[in-house]
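A closer look at the structure
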Amino acid sequence: MRNYYLYKTALRLFITLSIMVSLAGCSGNTEQLNDPDREIVLAAARDLTPGDKDPYYTSSILQVWEPLVGIGEDGRPAPKLAKRWEHSSDYTEWIFELAEGIKFHDGTPFNAAAVVKNFERYRNITPRVSTFYLFDINKVYPNLKEVEAMEGNKVKLTFSQPFSTLIYSMTNFGSAMFSPYCFDSSTGNFSTAASGTGPFKIANHVAKQYTVLERNDDYYGGKAKAKTIRIKNIPNAETRYSALKAEEIMGVLDIGSLTPALTSELIKDNRFAVAIGKSTITHYLFCNGEKAPFNDPRMIRAVSLMINRDVLVKNFFHGYAIPTGNFLNGASPFSKEIKPRRNVEEAKELANAVLKGQKANITFLLPQYGIDRYPYKEITEFIQAELKELGLNASIVIMDWAAIQDARATGNYDIIIGTQGLPNLEPAILFKNYMKRTGSANMQYRLGYNNDEAEQLLDQLDATLEIADRAKIYDWLQDISVESPPCIPLFADMNLAVHSKKIQNYEPLLYGITLDKIEWVK
Amino acid sequence: MNDILFYLVKKLLLIIPVLLGITIAAFILGVISPSDPAAVLLNMDGVSTPSAQEIANKRHELGLDRPFIVQYLSWLLQILHGDLGVSYITQRPIWDELMLRLPVTISLASFTLLLVIFTAIPMGVFMAYKNNSKSDFVLRTAALIITSIPAFWLAILFMWIFSEELHLLPTSGYGTVVHLIMPSFALAAGTIGTLMRLQRAALLEVLEQHFILTAKAKGLPFPMIIWKHGLLNSLIPVITLLGNYFGAIISGSAVIESIFSLPGLGSYVLEAIRGRDYPAIQGYVIFTGLVFVLFNFLVDISYFLLNPKIRLGGK
Amino acid sequence: MVNIKQLSIIYKIAAFILLLMLSGAIFAPVIAPYDPNQVLPDETLQSCSGAHLLGTDALGRDVFSRILYGARVSIRFAVAAALCTMLFGVTLGMISGYFGGIIDTIIQLLVNIFQGLPGMSMMIAIAGVMGPSTASLLLAVTLTSWAGFSRIVRGEVLKIREENYIEGVRSLGASAFYILVHYILPNIFNSLIILFTVRIGTVVLSIAALSFLGLGMQPPEADWGVMINDAKIYFRSYPNLLLAPGLCILALCASINLIGDALRDLFSIQQDINKQYL
C-alpha cells in the first residue's frame with residue numbers, strides 16, 4: 001500500500017489522455033437539430049465517386065450528371081436532356097432535339113456543340129473500365145459514323161448500319177453529358193470535378209471516405225429538397241447496419257445497400273423503414289453443360305424442379321425477392337410473368353433417369369460478392385441439402401469473382417450461383433449472350449446451350465427493326481427459355497431503400513433512389 | 001563510436017538483400033495466382049463479356065505476355081525509380097493510393113501503440129513491484145486471457161455495445177480521435193497482454209542485478225529504485241517488441257480496418273485481393289515490408305540511444 | 001506471497017478446459033446430437049432449449065454440434081500448421097546453427113527476408129491470391145512463421161555446440177546427423193514443446209481471422225471463425241450464435257497459453273526474459 005505513486009502517475013496520465021480524447025471528439029457535434037437544411041448523411045458500400053479516370057466520374061445515382069435519355073417510371077426509355085427524337089425509316093439517321101436553357105454546373109450552356117464534344121470524348125476513352133459499366137462507344141453506338149450539331153439545338157447521329165434500338169442502348173450511363181470544360185479533350189480524363197446538369201453538384205470528395213453533394217440552386221427542373229447530402233463510403237455491410245442503428249447515417253443506397261436479413265432485423269426497430277422497388281437483377285444457377293451430369297438437359301430441369309424457391313425467399317431473403325421461372329428480368333418492358341414450378345417427384349425421376357441410381361460429386365461455386373450483398377451462403381448450403389436428395393453431392397467453394405472467372409476458363413466446376421443484371425432494357429444482348437451457340441455467356445459459363453429454334457429467332461431479330469415485332473420474338477424466346485432453360489432462374493431481386501424515419505421520400509428507383517426528393521421530416 | 005557506426009552500416013547493408021527478397025516474394029505472389037488479370041480487368045462491371053482477342057490485346061498492353069524474368073527485372077527497375085505501377089482497378093499510381101491510405105493506418109497504429117504503452121507498462125511495473133502477490137497472479141492470468149481474445153470478435157462486440165446500444169462511439173469512418181478508440185482497443189488487446197508480461201519479467205530481471213542490490217543496500221525506497229534504475233534498464237526488450245509490433249499493425253490491421261470501415265492500407269489490400277489487382281497487392285507487400293524493415297532498423301538504433309554498452313560484440 | 005497451490009489451480013482449470021475441448025473434438029461424432037451440416041428449414045434460428053442446447057443457426061443447424069465439429073476443424077488444422085512450421089523451422093535452424101559458414105549465412109539471409117515480410121498481410125495475400133484451400137492456408141501459416149522458430153533454435157544450437165561433450169562425441173566419429181538428433185535435439189526439446197504449444201494458440205487465432213475474412217475454411221466444413229462470420233447478421237437477436245464460438249476460441253487459446261506458461265515454470269525458463277514471449 002505504501003508507494004503506489006508511480007503506478008498512480010501513469011494511471012492519471014492515461015485517464016487525462018482519455019478525457020482529452022473524448023473531449024476532442026465531442027466538440028464536433030454542435031449542429032442545430034431543427035434546421036431543415038442540415039446535412040443528410042447516407043452510406044454506400046463503394047466509393048460512388050471513382051474520380052477523374054472513370055468514364056462517368058461519379059455514379060448516376062448521385063444525380064450530378066444527366067443522360068440524354070433516361071429511364072421512366074415504367075422502365076422504358078424516357079426523355080431527359082434530349083426532349084424528343086426521330087429516326088429515318090431505315091434507322092441509320094437519328095435526330096435528337098435537346099432541351100433548351102439548361103446550364104452545366106460551371107455555367108457552360110448545354111447545347112448541340114456540348115453534345116458533340118461529349119461524343120468526341122466517348123471516342124477518346126473507348127474502351128474504358130469502370131466499376132459501374134465499362135464504356136465502349138462501339139458497343140453503345142455500334143457503327144456510328146458521324147455526330148453533327150444542327151440548327152435549332154439538334155444533334156444528328158449517323159450510322160453505317162441500321163440501329164433500331166439505339167434509344168434503349170443510350171439510357172443512363174450510355175449518354176452521360178458533362179461540361180466540355182471539365183475534361184481533357186484528348187485523354188477524356190476529368191480535369192476538374194465533374195460538372196453535369198443534375199440537381200446536385202459535387203461540393204467535396206475525399207477518396208474512399210465520402211462525397212458531399214450540394215443542391216444545384218439553378219437546376220432547370222424541380223430543385224432538390226435537401227441542401228447538402230454526404231454519401232459516406234462504408235464497405236462493410238454489418239457496419240452500415242450498425243451506423244444506421246446508431247443514427248450516424250440516415251439511409252443506405254447503391255447495390256447491396258443492406259442485405260435482406262439485416263434489413264428485416266433493422267426494421268424490427270420502429271425508427272427505421274424500408275421502401276421496395278423493382279430491380280434489374282435476377283439470381284441464377286449456371287450449370288456446366290459441357291460435362292456430366294449437366295450435359296444432360298434433364299438434370300438442369302430436375303434441379304429447377306427440386307429447388308424450393310418459396311422457402312429460400314421466405315427464410316433467407318426475408319420476403320425481399322420474387323421467386324421466378326423467367327429467364328428475363330421483370331424490369332425489362334418486354335418481360336412477362338412466369339411462375340416457377342416445383343415438383344419433387346418429377347425432379348427425382350428426372351435425376352434418376354440421368355444418374356441411373358448412382359451418386360455424382362459436383363462442385364458448387366459461390367462468389368464472394370454473393371455473401372457480401374445477398375444471403376448466398378445460406379442459400380447454397382440449403383440447395384446443397386436439396387441436391388443431396390437428387391443424388392448430387394455438392395461441395396461448396398467460396399471464391400472471389402476473379403477466381404470464378406478462372407474456374408469458368410478451365411471448366412472446373414458444375415454449378416455457379418450468381419446474378420445477372422439487365423445490361424440494357426432492350427434484352428437482345430442478354431438473349432444473344434445466353435441463347436446463341438456463340439453467345440459470350442453461353443461460352444464463358446460453358447452452358448452448352450444449343451437450341452435451333454432460339455438460334456433462328458435470334459438471327460431473325462437482327463433483321464427486325466420495328467419494336468413491336470421484336471417484342472413478339474422476345475415473347476417467344478421467353479417461352480423457349482422455360483422449355484429448355486439456358487440456366488436456372490431463381491429469384492428476381494428487389495431494390496431495398498432502407499432509411500431512418502427521420503427523413504422522408506426515400507424511394508427506390510430502378511437504378512438508385514429518389515435522392516432529389518429526400519428531406520428531413522419536419 | 002566507430003563500433004557503433006560499423007554496426008549500423010552492417011545492419012543497413014543487410015537490409016538490401018532483405019528488400020530484394022521482399023520484391024521477389026511480391027513478384028512470385030503475382031505469378032502463382034491462378035487468374036488472368038487481363039480478363040478480370042475487362043469484366044469488372046460483371047456485365048461485359050470480353051472476347052479472347054480483347055483479352056489477348058489487354059495482356060499485351062499490360063506486358064503479361066513476356067517471360068517472367070523479363071517482367072520481374074523491368075518491374076524491379078520501375079520500383080527502383082519509385083514507381084510501383086498503376087492499379088488495374090482505379091487506374092491510378094499505386095504509390096498515390098498507398099499514400100492516400102497511409103495516414104489512416106499510421107494514426108491507427110500510433111494510437112494503438114500509445115494505448116499499449118500507457119496501459120501495459122504501468123501494469124507490468126505494478127506486477128513486478130507486487131511480484132508474486134495475489135494481484136500479480138491475477139494480472140498475469142488476465143494478461144494471458146486477453147491475448148487469447150480474437151480481435152475481430154472483440155471488435156464486433158464493441159460496435160454492438162458502444163455504438164448500436166449505447167450510442168457512445170461512432171461505428172466507422174475516419175477523422176477524429178474518437179473514431180480510433182474502438183479499433184485501437186480491439187487491436188491493442190492482444191499486445192497489452194504480451195507487453196504486460198514482458199515488462200514485468202524484464203523489470204524483475206533488472207531488479208536482480210548488482211547495481212540495484214547496491215542501491216537497495218544504500219537504503220533508497222523501493223519505488224524510487226524502480227523508477228530511477230529499473231524502468232529505463234528494463235525497456236530494451238519492451239522497445240524491441242513495440243518496434244516489431246508497430247510494423248505488424250501497419251501490415252496486420254486489415255481485419256479491424258475492414259470492420260470499422262477505416263480507409264487504411266489493410267482495407268486497401270483486401271479490396272485489391274477481391275479485384276485481383278496484382279500491382280496493388282504487390283505494391284502493398286513491398287510497401288509494408290519496407291515499413292517493417294525500417295522499424296526494425298529504428299529499433300536497433302534505439303538500443304544505442306538507451307544503452308550504448310549493449311552491443312559491442314556477441315549477438 | 002502467493003502460494004504454489006493457488007497458482008496451480010488455474011493451470012489445472014486450464015488443463016481441464018483443454019482436455020474437455022480435445023475430447024469434445026475427438027468424440028464429436030459420438031457426443032454431437034445432430035449432424036452439424038444437417039439443414040432443417042423448419043427449425044431455423046431457435047434459441048437454447050433441451051432439443052438444441054445452444055440453439056440453431058439460420059439454416060436450422062444445431063449450434064452445439066457445429067461447435068464440437070468446429071473444434072475438430074480448428075484444432076486439427078492448428079496442430080498440423082504448428083507441426084509444419086516447427087519441422088521446417090527446426091530443421092533449418094539446426095542446420096544453420098550446427099554447420100555455420102556459408103549455409104548459415106544463406107539460411108540467415110532467408111530468415112531475415114521472411115522476418116521482413118509482414119506476417120498477417122502475407123497470410124492474407126497468399127490465401128487470397130491462391131484461393132482458399134487447406135493447402136494454401138498451411139502454406140500461408142508456415143511461410144510466415146518458420147523464420148522466428150529457426151532463429152531461436154539456431155541460437156540454442158550455437159550455445160550447445162560449444163559444449164565439451166559434443167566436442168567429445170564428435171571426436172569419436174559421430175556423424176553430424178547423429179549428433180543433431182541424439183544430442184542437440186533433446187537439449188532444445190523443452191523450448192520446442194513450449195514454442196509448439198504457444199504456436200497452436202497463435203494459429204487458432206490467425207486462422208479464425210482468415211476464416212472471418214472468408215479466406216479460411218470452406219463450407220460445409222466450419223471452424224469457429226466461420227461460425228462467427230455466419231453469425232454477423234443474426235447475432236443481435238440471437239447472441240448465442242456469436243458468443244458461443246467466440247468464447248470457445250477464447251477458452252481454447254487461453255488454456256493453451258496458460259499451459260505454455262505452466263510449462264515455462266516447469267522447465268524454469270521463466271527467468272530468461274529473452275524467452276519470455278517464445
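Residues numbered from 1 in each chain as written. Chains lettered and ligands numbered in written order. Predicted model: local features only at pLDDT ≥ 70, side-chain atom pairs only at ≥ 80, totals over all residues. Heavy atoms only, no water.

- As annotated in an unreviewed UniProt entry, chain C carries the name ABC-type transporter, integral membrane subunit and comes from Pelosinus fermentans JBW45.
- On record in UniProt, under Sequence similarities (unreviewed entry), the comment for chain C is "Belongs to the binding-protein-dependent transport system permease family." (UniProt positions renumbered as here; feature names shortened; annotations may be inferred.)

- As named in an unreviewed UniProt entry, chain A is ABC-type transporter, periplasmic subunit, taken from Pelosinus fermentans JBW45.
- Quoted verbatim from the Sequence similarities (unreviewed entry) field of the UniProt record, the comment on chain A reads "Belongs to the bacterial solute-binding protein 5 family."

Section: the side chain of E455 of chain A
- Following the sequence through the fold, E455 of chain A ends up in helix α15 (residues 452-463).
- Ignoring any residue separated from it by four or fewer positions in sequence, one finds E455 of chain A in contact with M435, K436 and R437 of chain A. (Helix = DSSP H or I, 4+ residues; strand = E, 2+ residues; numbered from the N terminus. Contact = heavy atoms within 4.5 Å.)

Describing the interface of chain C and chain A
- In this complex, chain C contributes 19 residues to the contact, which on the side of chain A involves 22 residues.
- Summing the contributions of chain C and of chain A, the shared interface buries around 1800 Å²; its carbon and sulfur component is 53%.
- Linking chain C with chain A are three salt bridges.
- For D230 of chain C, the salt bridge goes to K377 of chain A, with nearest N and O atoms at 2.7 Å.
- The tally of links between chain C and chain A comes to six residue pairs in polar contact (both at pLDDT 80 or more).
- Across the side of chain C that touches chain A, the residue classes break down as ten nonpolar, five polar and four charged. (Buried area = accessible area lost by both parts, 1.4 Å probe. Salt bridge = Lys/Arg side-chain N within 4 Å of Asp/Glu carboxyl O. Polar contact = N/O pair within 3.5 Å; in protein donor to acceptor, adjacent residues only side chain to side chain. Nonpolar A, V, L, I, M, F, W, Y, C, P; charged D, E, K, R; others polar.)

Here's the deal with the UniProt feature "domain: Solute-binding protein family" (unreviewed entry) in chain A
- The UniProt feature table records "domain: Solute-binding protein family" (unreviewed entry) at residues 77-439 of chain A.
- Summarising residues 77-439 of chain A: 29% helix, 26% strand, and an end-to-end C-alpha distance of 26 Å.

Things to note about the side chain of T514 of chain A
- Note that T514 of chain A resides in the loop between β20 (503-504) and β21 (519-520).
- Among all residues touching T514 of chain A, those that are not within four sequence positions of it are Q63, N505, Y506, E507 and L509 of chain A.

Remarks on helix α11 (residues 376-389) of chain A
All names here are of chain A.
- Its 14 residues give α11 an end-to-end C-alpha distance of 20 Å, which sits within 8% of 20 Å, the value for a rise of 1.5 Å per residue.
- By the criterion of burial, α11 is predominantly enclosed, with eleven of the 14 residues buried.
- Listed as buried for α11 are Y376, K377, E378, I379, T380, E381, F382, I383, Q384, E386 and L387.
- Of the residues one or two after α11, G391 is the one with positive phi, at around 90°. (Expected span 1.5 Å × (residues − 1). Buried < 20%, exposed > 50% of the residue type's maximum accessible area, 1.4 Å probe, protein only.)

Points about the domain arrangement of chain A
Residues and elements named next belong to chain A.
- When the domains of chain A are assigned, the result is domain 1 (65-129 + 138-180) and domain 2 (279-494).
- Look at where the C-alpha atoms of domain 1 and domain 2 centre, and you get two points 34 Å apart.
- Of the residues lining the interface, ten residues belong to domain 1; the matching set on domain 2 comes to eleven residues.
- Here domain 1 packs against domain 2, burying approximately 910 Å² in sum over the two surfaces, 62% of which is carbon and sulfur.
- Taken together, the links from domain 1 to domain 2 amount to zero salt bridges.
- Summed over the shared surface of domain 1 and domain 2, the number is two residue pairs in polar contact (both at pLDDT 80 or more). (Domains from an automatic or database assignment.)

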